[in-house]
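# Results of the structural survey
For reference, the chains in residue letters:
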Amino acid sequence: MNEFYKGYNCHAFLAGNTGCQMGGWFRKEINTVDDLKGLKFRIGGFAGRVLQKLGAVPQQIAGGDIYPALEKGTIDGAEWVGPYDDEKLGFFKVAPHYYYPGWWEGGPLLQAFVNLDKWNALPKYYQSLLEQAGHYANNWMMAKYDQANPQALRRLLAGGTKLHAFSPPIMEASFRAAKELHSEIATTNANFKKVYDSLTAFSNNGYQWFQVAEVGFDNFMARHSQS
């Protein structure tokens, strides 16, 4: 990414991560792919373009305007972050159906950007200090969300929130639409293709390992946590 950012005279380093986010709040249940057609959903970026392929109508709405839009029915659903952040905005009062996972933000990375000329002018040990501070913020933020989200989700469920998983057909259709969109962009954007190919190869290789240890262990412990 820093090779790409050079074109904008910037240097970036890690500065945070929320972990996997939620799929959002809906006024009505979303059971099938057809239920997405015509759905006015607050979401932006690539995810909005993916859902647009499935018939949804993405809406760009600032955080403070989401609640009144849901309350009035101007939009049918909205995604924000996860239980800890969503609880503060009170979406559960006007859109009780809470879906997971937020497949468009499986681990959204936050970055700090520095003017490249200013960055290069810094002594190497100053650069290292800034990068280490970013790593600290990154680790702290993930730990914070791991600690805060479970408690917030319990409060939301106790308050009447209805928790749902996106159905397998919706997940598969979204995956296909995402791959289609990425391929379309890659054919005309060499920078995107280079980064996308690198990230895809890395994640595919990683999941071979995750399913061996991480997924197996987590699934086992999840079953026992409910007993």
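Higher on the page you've got the structure.
Throughout what follows, the structure given in this document is the object of discussion. Once a new chain begins, its residue numbering starts again from 1 and follows that chain's sequence as written. Totals for whole chains, interfaces and linings use every residue, but because this is a predicted model, local features are given only for residues with pLDDT of at least 70 and side-chain atom pairs only at 80 or more, for both listing and counting. Derived side-chain values reflect all non-hydrogen atoms in the structure, with water molecules and hydrogen atoms excluded from consideration.

This brings us to the sheet that holds strand 4 (residues 57-59). Strand order across the open sheet formed by six strands is 4-3-5-2-6-8, with mixed pairing between neighbours. Of all strands in the sheet, those bounded by a partner on one side alone are strand 4 and strand 8 (162-165). When DSSP finds two or more bridges between two strands, those strands count as paired. A run of H or I in DSSP counts as a helix once it spans at least four residues, and a run of E counts as a strand once it spans at least two, with each numbered from the N terminus. Summarising the sheet, strand 6 (residues 97-100) and strand 8 pair through four bridges and their orientation is parallel. Bridging from a neighbouring strand, Tyr99 pairs with His164 of strand 8.

We now examine empty space enclosed by the protein. We place a 1 Å grid over just the protein atoms. Points where a 1.4 Å probe fits but has no way out form a cavity, open points with protein on both sides within 12 Å along at least 5 of 7 lines form a pocket, and any residue with an atom within 4 Å of a point lines it. Grid points are joined across faces, edges and corners, and a volume is the space filled by probe spheres set on the points. Under the definition given, this model contains one cavity of 30 Å³ or more. As a volume, the largest cavity reaches approximately 70 Å³. Lys, Arg, Asp and Glu make up the charged group, whereas Ala, Val, Leu, Ile, Met, Phe, Trp, Tyr, Cys and Pro make up the nonpolar group; the residues left over, Gly among them, are polar. For the lining of the largest cavity, the class distribution of residues is nine nonpolar, one polar and no charged.

Attention shifts here to helix 7 (residues 168-186). Across its 19 residues, helix 7 extends 27 Å between first and last C-alpha, which sits within 8% of the 27 Å expected from 1.5 Å per residue. A 1.4 Å probe rolled over the protein chains alone gives each residue an accessible area, and that area as a share of the maximum for its type sets the label: buried under 20%, exposed over 50%, partly exposed in between. Turning to helix 7, its buried residues number three or more, namely Ile170, Ala173, Ser174, Ala177, Ala178, Leu181, His182, Ile185 and Ala186. Helices are assigned an expected span. That span is 1.5 Å times one less than the residue count.

With that out of the way, let us pick up the pattern of salt bridges. Definition used for salt bridges: Asp or Glu carboxyl oxygen within 4 Å of a side-chain nitrogen of Lys or Arg. For the structure shown, the criterion picks out seven salt bridges. One salt bridge in this structure joins Lys194 and Glu3, with 2.7 Å as the shortest N-O distance. Of this pair, Lys194 sits in helix 8 (residues 190-210) while Glu3 sits in helix 1 (residues 2-5), placing them 191 residues apart in sequence. Where Lys37 meets Asp34, a salt bridge forms, and the shortest distance between an N and an O atom there is 3.1 Å. Residue class for Lys37 comes out exposed when judged on its relative accessible area of 55%. The network of salt bridges with common partners includes Lys53, Glu180 and Glu184.

Just geometry here; none of it tells us what the structure is for.
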